[in-house]
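Residue-level listing of the chains:
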Amino acid sequence: MTAYDVIVLAGGAAKRLGGADKPGVRVGGRALLDRVLAACDGAARTVVVGDRRATARPVVWTREVPHGGGPLAALGAGLKLTTAEYVLVLSADLPFLGPGTVDALFAAAGEPDSEGALCTDPDGRDQPLVAAYRAEPLRRELALIATEYGSLAGLPLRILTAELELARIDAGPDAAFDCDTWDDIAAARARIREHGSVLDEWITSVKNELGIELDVDTGVLLDLARDAAHGVARPAAPLTTFLVGYAAARASAGAGPDEAAAAVAEASRKATALALRWEAEAAESAGRGGDAAGGPAGGAKPDAGREGTGTS
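These numbers come from a predicted model, not from an experiment. (Residues numbered from 1 in each chain as written. Predicted model: local features only at pLDDT ≥ 70, side-chain atom pairs only at ≥ 80, totals over all residues. Heavy atoms only, no water.)

## Comments concerning the overall build of the protein chain
Part 1 of the argument: Each helix and strand in the protein chain was counted, giving eleven helices and nine strands.
Part 2 of the argument: On C-alpha atoms alone, the protein chain measures out to a radius of gyration of 26 Å, which is more than a quarter above the 20 Å that the 2.2 N^0.38 rule sets for 312 residues.
Part 3 of the argument: Per-residue burial over the protein chain gives 44% buried out of 312 residues.
Part 4 of the argument: In the protein chain, once contacts between residues fewer than 6 apart in sequence are set aside, the share between residues at least 24 apart is 65%.
Part 5 of the argument: In the structure as shown, the protein chain presents an accessible area of about 16,600 Å², 54% of it carried by carbon and sulfur atoms.
Part 6 of the argument: With 31 positive and 44 negative side-chain charges, the protein chain shows a separation of 6 Å between the mean positions of the two kinds. (Helix = DSSP H or I, 4+ residues; strand = E, 2+ residues; numbered from the N terminus. Rg over C-alpha atoms; globule rule 2.2 N^0.38 Å. Buried < 20%, exposed > 50% of the residue type's maximum accessible area, 1.4 Å probe, protein only. Contact = heavy atoms within 4.5 Å. Areas by Shrake-Rupley, 256 points an atom, 1.4 Å probe, with all protein chains shown as cover. Lys, Arg positive; Asp, Glu negative; His and termini not counted. Charge placed at Lys NZ, Arg CZ, Asp CG, Glu CD.)

## Considering the nonpolar core
Looking at soluble globular proteins, one finds that nonpolar side chains tend to be buried together.
Part 1 of the argument: Grouped together as the largest cluster of nonpolar side chains are 32 residues, with contacts concentrated most on Y4, V6, V8, V48, L88, L90 and L105.
Part 2 of the argument: The set of elements that each furnish at least two residues to this core consists of β1 (4–9), α1 (32–39), β6 (86–91), α3 (99–109), β7 (116–120) and β8 (126–134).
Part 3 of the argument: It is α3 that contributes the most residues to this core, five residues altogether.
Part 4 of the argument: Once you skip the residues sitting within four places of it in the chain, L90 turns out to touch V6, I7, V8, L9, V36, C40, L97, L129, V130 and A131.
Part 5 of the argument: Within the second largest apolar cluster, 24 residues are counted, among which are L9, A73, L75 and Y133. (Core = buried A, V, L, I, M, F, W, Y, C linked by side-chain atoms within 4.5 Å.)

## Describing the packing of aromatic side chains
Part 1 of the argument: Counted according to the given criterion, the structure contains three aromatic pairs.
Part 2 of the argument: Measuring from ring centre to ring centre gives 4.6 Å for Y4 and F106, while their planes differ by 40°; the resulting arrangement is tilted. With a gap of 102 residues between them, Y4 in strand β1 and F106 in helix α3 connect regions that are remote in the sequence. Accessibility classification places Y4 together with F106 in one group, the buried group.
Part 3 of the argument: Three or more aromatic residues joined by ring pairs form one cluster here, namely Y4, Y86 and F106.
Part 4 of the argument: Across the ring face of F177, the terminal group of R191 is positioned such that the distance to the ring centre comes to 4.7 Å. (Phe/Tyr/Trp six-rings, centres within 6.5 Å; stacked < 30°, edge-to-face > 60°. Lys NZ or Arg CZ within 6 Å of the ring centre and 35° of its normal.)

## Details of the sheet that holds β8
Part 1 of the argument: A sheet is described by the order of its strands in space; here seven strands give the open sequence β5-β4-β1-β6-β8-β7-β9, paired in mixed fashion. Since the sheet does not close on itself, it has two edges, and those belong to β5 (60–62) and β9 (166–170), each with one partner. Averaged over all pairs of adjacent strands, the angle between strand axes in this sheet comes to 25°, irrespective of strand direction.
Part 2 of the argument: Where helix α2 (residues 71–79) meets the sheet, it contacts β1, β4 (46–49), β5 and β6, and its direction lies at approximately 145° from that of β1. (Pairing = 2+ DSSP bridges. Axes fitted to C-alpha atoms, helices over the stretch in contact; angles between N-to-C directions.)

## Re the environment of A186
Part 1 of the argument: Structurally, the position occupied by A186 is in helix α7 (residues 182–191).
Part 2 of the argument: For the pair A186 and P23, spaced 163 residues apart in sequence, the C-alpha to C-alpha distance is 15 Å.

## Focus: the pairing of β4
Part 1 of the argument: Alternating residues of β4 divide into T46 and V48 and V47 and V49, and every residue in both groups is buried.
Part 2 of the argument: When β1 meets β4, the two strands line up parallel, connected through four bridges. Across the sheet, residue V6 finds its bridge partner in β4, namely T46.

## Points about the confidence of the model for the protein chain
Part 1 of the argument: Mean pLDDT over the protein chain: 85, with 91% of residues reaching 70 or higher.
Part 2 of the argument: For residues 292–312, every residue scores under 50 in pLDDT, and the model assigns this stretch 27 contacts once sequence neighbours within four places are set aside. (pLDDT = per-residue confidence, 0-100.)

## Overview of the layout of surface pockets
Which parts of space are left empty comes out when a probe the size of a water molecule is rolled across the atoms.
Part 1 of the argument: One number sums up the size of the largest pocket: a volume of about 1,700 Å³.
Part 2 of the argument: Lining the largest pocket are 50 residues, and of these I203, T204, V206, K207 and L214 lie nearest its centre.
Part 3 of the argument: Of all the secondary structure elements, the ones that give two or more residues to the lining of the largest pocket are α1, α8 (198–210), α9 (218–231), α10 (236–251) and α11 (257–292).
Part 4 of the argument: Top contributing element to the lining of the largest pocket by residue count: α8, with ten residues. (1 Å grid on protein atoms, 1.4 Å probe; cavity = no way out; pocket = protein on both sides within 12 Å on 5 of 7 lines; lining within 4 Å. Points joined across faces, edges and corners; volume = space filled by probe spheres on them.)

## Considering α9
Part 1 of the argument: When the terminal C-alpha atoms of α9 are compared, their 20 Å separation across 14 residues agrees well with the 20 Å that a helix rising 1.5 Å per residue should span.
Part 2 of the argument: Along α9, the positions that sit buried rather than exposed are G219, D223, L224, A225, R226, D227, A228 and G231. (Expected span 1.5 Å × (residues − 1).)

Next up, the structure:
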């Protein structure tokens, strides 16, 4: 992965949000700024241009001069605090930006004769605040613009991007989705609750809230919850998964994330086997009861196991 610093612009007036604190607006239980920071946690240094606030990970704070001087002035202020050869530049209102887009930007920015790369939205418009730049030409052009115009305040970003040799990548419908209005916020909140993404969003939010970094096979845990609910009783599902987490934490105390994930998998395997034994016993007892009552001879055949990750 390319070594880089990141500058996040978080100081806009948010006029279309009625002056609300846009970086702090929550989508999926997490502040927009924290969602952006999660997508670029591999940065050597993270500079946020805006008012200081609590963040999910440490950052360096600065402000543009004058305050409210616009994105070009903010970029110039942030760039002064970076040292890496490449700089990722992001706005603070990108709820769906992911590491995959960051990787794609740096891959394109690293091509010969390229001075950076930016995303384009589904309508083909450039998104200079979802971009990766080589730091040296970025500094050069900002200095030339400041000399020509007297300062960077109040100038649009297109003055800068027009002077750089930039590659374009298709950001898709999500990566460049930004939240400028309350309708945008509502759309983002609805999108993360869609069936195909809600579990991943929820697990990520919980891990951020609890301050843990652990990659767990959610399918294994869902299967365990299903088997406990089906083979024992419905309330057994959440209680069992809690006990599995507790047992895994004890077994991997002082170990790294890989060992912790392995401990979760092993505890889940044991608990699943136990739940299936309970279910088999219940089926066997029901079968014997059926024989006594004149039911089918031999009773029900115990389950040999359950496959898949469904919850039915």
